[in-house]
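Chains, contacts and geometry: an overview
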Amino acid sequence: MSIKIALAGNPNCGKTTLFNALTGSNQFVGNWPGVTVEKKEGKLKGHSDVTIMDLPGIYSLSPYTLEEVVARNYLVGERPDAILNIVDGTNIERNLYLSTQLMELGIPVIMAVNMMDILEKNGDKIHLDKLSEKLGCPVVAISALKGTGIKEAADKAVDLAKKAATVTIAHSFADSVEAVISAVEAKIGSDVADEQKRFFAIKLIEKDDKIKDMMKSVPDVSAEVQKLEDEFDDDTESIITNERYQYISSIIHDCCTKSKKSEGGSVSDKIDKVVTNRWAALPIFAAVMFLVYYISVTTVGSWATDWANDGVFGDGWHLFGIGTSAYNDAADEYAPYDAEIKGFLEAAEEKAPDVTKEFTEVYDDEDAQEADVDAAIKAFTSNSAIKSLTTEVNIAGEDEDEELVNVNVATFETALEQEEPDPADYGVWVPGIPVLIGNGLDAIGCADWLSGLILDGIVAGVGAVLGFVPQMLVLFIFLAFLESCGYMARVAFIMDRIFRKFGLSGKSFIPMLIGSGCGVPGVMASRTIENDRDRKMTIMTTTFIPCGAKLPIIALIAGAFFDNAGWVAWSAYFVGIAAIICSGIILKKTKMFAGEPAPFVMELPAYHMPTVENVLRSMWERGWSFIKKAGTIILLSTIVLWFLMNFGWADGSFGMLEAEQLDSSILAAIGSVIAPIFAPLGWGNWKMAVAAITGLIAKENVVATFGILFGFAEVAEDGAEIWGQLGASIVPIAAYGFLVFNLLCAPCFAAMGAIKREMNNTKWFWFAIGYQTVLAYIVAFCIYQIGSVFTGNIHVVGLIIALLFVAGFIYLLVRPYKESDTLKVDMKKKAFAK
Amino acid sequence: MGTVIVGIIVLAIAGGAAYSLHRDKKNGKSQCGGDCSRCGGHCH
Amino acid sequence: MMPLSMVKAGETNIIRKIGGKEEVRKFLENLGFVTGGEVTVVSEINGNMIVNVKDSRVAIGKDMANKIMV
């Protein structure tokens, strides 16, 4: 005896919040129109036999959008036992338009008026009992956000469903219209249930073209239609619509009282006047996004990531910073000595490289015994070449002045005697995870290779990715806030003006915006675009926007090559948007995609202060998925990578390799085959090639791979973590090209899966992937070749090719926009003929 | 001995990860936050 | 009668006629754009507008606004 209750209402009326409250599932409430595109089901809390179906937000049952078709098909085809109609009390007139149609279906309806609390605050009143009387259905007040009235509404709905009462249609249109409706009802065959006949009759009169799909035999109602149209001198849909609104107005008049306050432009309107102002809109948007990314990536973000990368996943850190300043003081004191040592060793290496190498091997070895070190020092300093060596070293004095200091053997020896301060001795020191795990593994007597897998593989890889979690969380908070308060909807509107110039509509912007969190829902959001060509184009270009997973790559490149500059992150988004716009322009000029974009109509919800709870919840949801991804996909990838990296053919046989033999590993072998492809882009070494490939599984893998590849080599004397190593491997301009390549090329497997599903067509899927990757390659190529000119590193052939590409690109952008000429001519002929 | 213990732990974690991925695939996983069926189409 | 796109921000008018393709008109009507109904312009960028109809805020593109006569 299971009961089905459908949840229906306008977009943004609080349906999803109610659904969550009724079923207990944890879903996110956004403030955008078209939030729910899929049908959602859940079991009513406390009633095991009641299923609640959350229908997509719709304005009416006349199908203009996919959501409306989906909702309508469900209601007519599946016949739920009751409908819980949520109505936004603050704009009840428009909401009732849907309600009247729902009630024509012959299914028991209970109306829940939401946002009653806001109504009260504004001083408006709705008389629910009068409303119920006039409509002919029960009406309850709820506040979905606050949670009031929900249980009563649910209980009433279940009641209604159980009673399965026949529904009395309370509202009626003008007499002549009613007469026609009855006439049409009589014509409808028995394949339509009695209580549904009115609904079908009205739809037939309205000339709804999709209603025919639901009927076995379609009666001819043209006579009736003609009669009405003649009488009212208007077309039937408008007639019916007008009738509805007239009916609604009469109800409103009797049941609602407005306070004087609501006139004169609400707060939201005032904000909109500024935010969508023709001159200020774009700069404001640019400023907002810049601020968001500046705070999360450059300032708070990088501070947090440094702590994570060097501290938690590095050597260690001071708890709450206790001891940091004391340590820093000691370190400052030691600094000059350190400089002297380093300077002297540099000079020594030039003069007597072999002797110096012998010394540094022992000196740098952390496991060396003290006696051995002392002996090594003695041997080194008594060497004749070293004894007579003097050099000058730049040392920063107390007042930051640099002075040249003479360093000879004696000074060197004195400096060596100074104890380098160990941060662990100061304050409260928490050793980094690698240190802890390393100690643990040693203590338990774990074999070297396994320790290697764990420390240099898993911890290094996963740690590199997890290091970005703080940054991501900060970013997610901002984005969640922006979305919840309602600003994002305005952005789509603002961008529409620009997008239209390129043959796209602002609606294509929404998937892009979603894609900046994760590409998968971004691609899926393209469903709201009715125009098939626009949709395909949107699907193809949505992943150009840097998604959450690409953020660590951006941060990594910014940190390793550009000193964490803010412009890197910002430019990544700019490149993404530019890629989308240019793709839009170019593709729109091809025969495949040409055509007018769909007109832009979108409801803008009122601004409101999002609840802390909502914002935090959304931030956590995304943050958690990021972490979970790290623990699963990336974890597995790092294990595989580690094996590939540490096994190979060296010294003529296959086996496990030493650290320095990295280039002989299987991975290097595979990478070397692929690497030459990327040589024209400036990063033709196998490490970068491998990193880019692993990015196909999950974009974070690029960072994880770097973590293993560049952190692994123990050749670095001061244990430089990956940023230092990475920074030394290729030139900055190539690094930027690498970044752009990863941003634009085919997305991760999950996103590719989404593209395949949405395209529903293998050919188009490959076309999309191919387009993205080729574009990425060409752009990265041009960046490197042309950029190299400015760094004084010109490759003639490459430069010429790059310039050719740029010229071709510009041509594709500016060539005249031709509609199919033949069609135009025909129309002209017809016009003249008339 | 220590190696064996640690090795088993690592295998267990890796296995858990693989299993979790497989299960997600069945639910129509998405790398964004939840399963796609309840995704509002807005993630960001 | 003039197209809505020509109305200045802050003004309220009565909708006289809605043109355009059938689907589009129906959709507009569903949203609250009905002949005889009021429409207030909140803001306007180059023809794209944000308006208030039936107590709700709707953003419409220039092409649409051109088809709504007030």
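Each chain has its residues counted from 1, running along the sequence as written. Chains and ligands are labelled by the order in which they are written, letters from A for the one and numbers from 1 for the other. Restriction of local features to residues with pLDDT of at least 70 applies here, the model being predicted, together with a cutoff of 80 or more for giving and counting side-chain atom pairs; totals for whole chains, interfaces and linings are based on all residues.

**Regarding the overall build of chain C**
Going along the chain from the N terminus, every DSSP run of H or I of four or more residues is numbered as a helix, and every run of E of two or more is numbered as a strand. Helix and strand counts for chain C stand at two helices and six strands. Listed N to C, the secondary structure of chain C is β-β-α-β-β-β-α-β in terms of helices and strands. Residues counted as buried form 56% of the 70 residues belonging to chain C. A pair of residues counts as a contact when their C-beta atoms, built from backbone coordinates, are within 7 Å of each other. Long-range pairs, those at least 24 residues apart, make up 52% of the contacts in chain C with a sequence separation of at least 6. Working definition of burial: number of other C-beta atoms within 10 Å of the residue's own, with buried at 20 or more, exposed at 12 or fewer, and partly exposed in between, all C-beta atoms being placed from the backbone.

**Focus on the overall build of chain A**
Across its full length, chain A carries 36 helices and 15 strands. The buried share of chain A, reckoned over its 834 residues, is 46%. The long-range fraction of contacts in chain A, counting pairs at least 24 apart against all pairs at least 6 apart in sequence, stands at 71%.

**Quick word on the confidence of the model for chain A**
Should the pLDDT be low somewhere, the predicted coordinates at that spot are not to be read in detail. Looking at chain A, the pLDDT average stands at 77 and 89% of residues meet or exceed 70. A score from 0 to 100, pLDDT tells how confident the predictor is in each residue. Taken together, the stretch residues 712-720 of chain A has pLDDT below 50 and engages in eleven contacts with residues farther than four places along the chain or on a different chain.

**Section: the environment of A:F285**
Residue and element names in this part refer to chain A. Secondary-structure assignment places F285 in helix 12 (residues 281-312). Assessed through the 17 C-beta atoms surrounding it within 10 Å, F285 is described here as partly exposed. Once the C-alpha coordinates of F285 and V275 are considered, the two residues, ten residues apart in sequence, prove to be 8.2 Å apart. The residues touching F285, leaving out its near neighbours within four places in the chain, are V491 and I494.

**Remarks on unusual backbone geometry**
A positive phi angle, close to 60°, is found at A:M115, a residue other than glycine. When you line up the elements, A:M115 lands in the loop between strand 5 (109-114) and helix 4 (116-122).

**Points about the interface of chain C and chain A**
Counting from both sides, the interface comprises 27 residues of chain C and, opposite them, 31 residues of chain A. The leading source of residues in the side of chain C that touches chain A is helix 1 (residues 22-31) of chain C, at eight residues. Broken down by class, the residue content of the side of chain C that touches chain A amounts to 13 nonpolar, seven polar and seven charged. For strand 13 (residues 601-604) of chain A and strand 5 (residues 56-60) of chain C, the ladder comprises four bridges, and the chain directions are antiparallel. Across the sheet, the residue bridging to A:E603 is C:V58, located in strand 5 of chain C. Polar here means any residue other than Ala, Val, Leu, Ile, Met, Phe, Trp, Tyr, Cys and Pro, which are nonpolar, and Asp, Glu, Lys and Arg, which are charged; Gly is therefore polar. Strands qualify as paired when DSSP identifies two bridges or more between them.

**Things to note about the packing of helix 14 (residues 353-364) of chain A against helix 15 (residues 370-382) of chain A**
Between two packed helices, both the angle of their axes relative to each other and the distance between the axes serve to describe the pair. Residues and elements named next belong to chain A. Fitted lines through C-alpha atoms serve as axes, helices being fitted only where they are in contact, and the angles separating the N-to-C directions of these axes extend from 0 to 180 degrees. The N-to-C vectors of helix 14 and helix 15 enclose an angle of 160°; their axes lie 9 Å apart at closest approach. Taken together, helix 14 and helix 15 sit at an angle that is classed as roughly antiparallel. The handedness of the crossing between helix 14 and helix 15 is left-handed. Residues V355, F359, V362 and Y363 of helix 14 touch helix 15, and the partners they reach there are D372, V373, A376 and F380. Grouping the amino acids of the contact of helix 14 with helix 15 by side-chain chemistry returns seven nonpolar, no polar and one charged. Every angle not falling under 35 degrees, over 145, or within 65 to 115 is termed oblique; those three ranges are roughly parallel, roughly antiparallel and roughly perpendicular. Working rule for handedness: look at the near helix, and if it is turned counterclockwise from the far one by less than a right angle, call the crossing left-handed; if clockwise, right-handed.

**Observations concerning the pairing of strand 1 (residues 3-9) of chain A**
Residues and elements named next belong to chain A. Summarising burial for strand 1: five of the seven residues are buried, a large majority. Pairing geometry for strand 1 and strand 3 (residues 50-54), over five bridges, is parallel. Residue pairing for strand 3: I5 is matched across the bridge by I52. Relative to strand 4 (residues 82-88), strand 1 runs parallel, the two being bridged by five bridges. Residue L7 lies in a different strand from strand 4, and its bridge partner there is L84.

**Quick word on helix 25 (residues 551-561) of chain A**
Note on helix geometry: an α-helix contains 3.6 residues per turn, so any two residues three or four positions apart are oriented the same way. Residues and elements named next belong to chain A. Judged by how many residues are buried, helix 25 sits mostly within the fold: eleven of eleven residues are covered. Where helix 25 is concerned, the buried positions are L551, P552, I553, I554, A555, L556, I557, A558, G559, A560 and F561. Remark: D563 follows helix 25 within two positions and exhibits a positive phi of approximately 55°.

**With respect to the sheet that holds strand 7 (residues 139-141) of chain A**
Residues and elements named next belong to chain A. Strand order in this open sheet of six strands is 2-3-1-4-5-7, and the pairing throughout is mixed. One side of each edge strand has no neighbouring strand; the edge strands of this open sheet are strand 2 (40-43) and strand 7. Averaged over all adjacent pairs, the angle separating strand axes in this sheet is 25°, with direction ignored. Direction of pairing for strand 5 relative to strand 7: parallel, over a ladder of three bridges. Bridging from a neighbouring strand, M111 pairs with V139 of strand 7.

**Quick notes on the confidence of the model for chain C**
The pLDDT averaged across chain C works out to 81; a share of 100% of its residues lies at or above 70. Between the elements of chain C, mean pLDDT differs from a low of 76, seen in helix 1 of chain C, to a high of 87, seen in strand 1 (residues 12-14) of chain C.

**Describing the sheet that holds strand 3 (residues 38-45) of chain C**
Read from one edge of the open sheet, five strands run 13(A)-5(C)-4(C)-3(C)-1(C), paired in antiparallel fashion. Unpaired on one side and paired on the other, strand 13 of chain A together with strand 1 of chain C mark the two borders of the sheet. Averaged over all adjacent pairs, the angle separating strand axes in this sheet is 35°, with direction ignored. Direction of pairing for strand 1 of chain C relative to strand 3 of chain C: antiparallel, over a ladder of three bridges.

**Describing the environment of A:I577**
Residue and element names in this part refer to chain A. In this fold, I577 is placed in helix 26 (residues 566-588). Residue classification places I577 among the partly exposed positions, given that 17 C-beta atoms sit within 10 Å. Placed 33 residues apart in sequence, I577 and F544 show a C-alpha to C-alpha distance of 7.2 Å.

**Points about helix 8 (residues 197-205) of chain A**
All names here are of chain A. For helix 8, the tally of buried residues reaches nine of nine residues, placing the bulk of the element in the interior. For helix 8, every residue scored as buried is listed here: K197, R198, F199, F200, A201, I202, K203, L204 and I205. The positive-phi residue at the C-terminal boundary of helix 8 is K207, with phi of around 65°.

**Focus on the packing of helix 18 (residues 433-444) of chain A against helix 19 (residues 448-466) of chain A**
All names here are of chain A. Relative orientation of the contacting elements helix 18 and helix 19 amounts to 160°, with a least axis distance of 11 Å. Classed by the angle they form, the pair helix 18 and helix 19 counts as roughly antiparallel. You can see that helix 18 and helix 19 cross each other, and the crossing is right-handed. Contact with helix 18, carried on its side by I433, P434, I437, G438 and L441, involves S451, I454, L455, V459 and G463 of helix 19 and no other residues of that element. For the contact of helix 18 with helix 19, the class distribution of residues is seven nonpolar, three polar and no charged.

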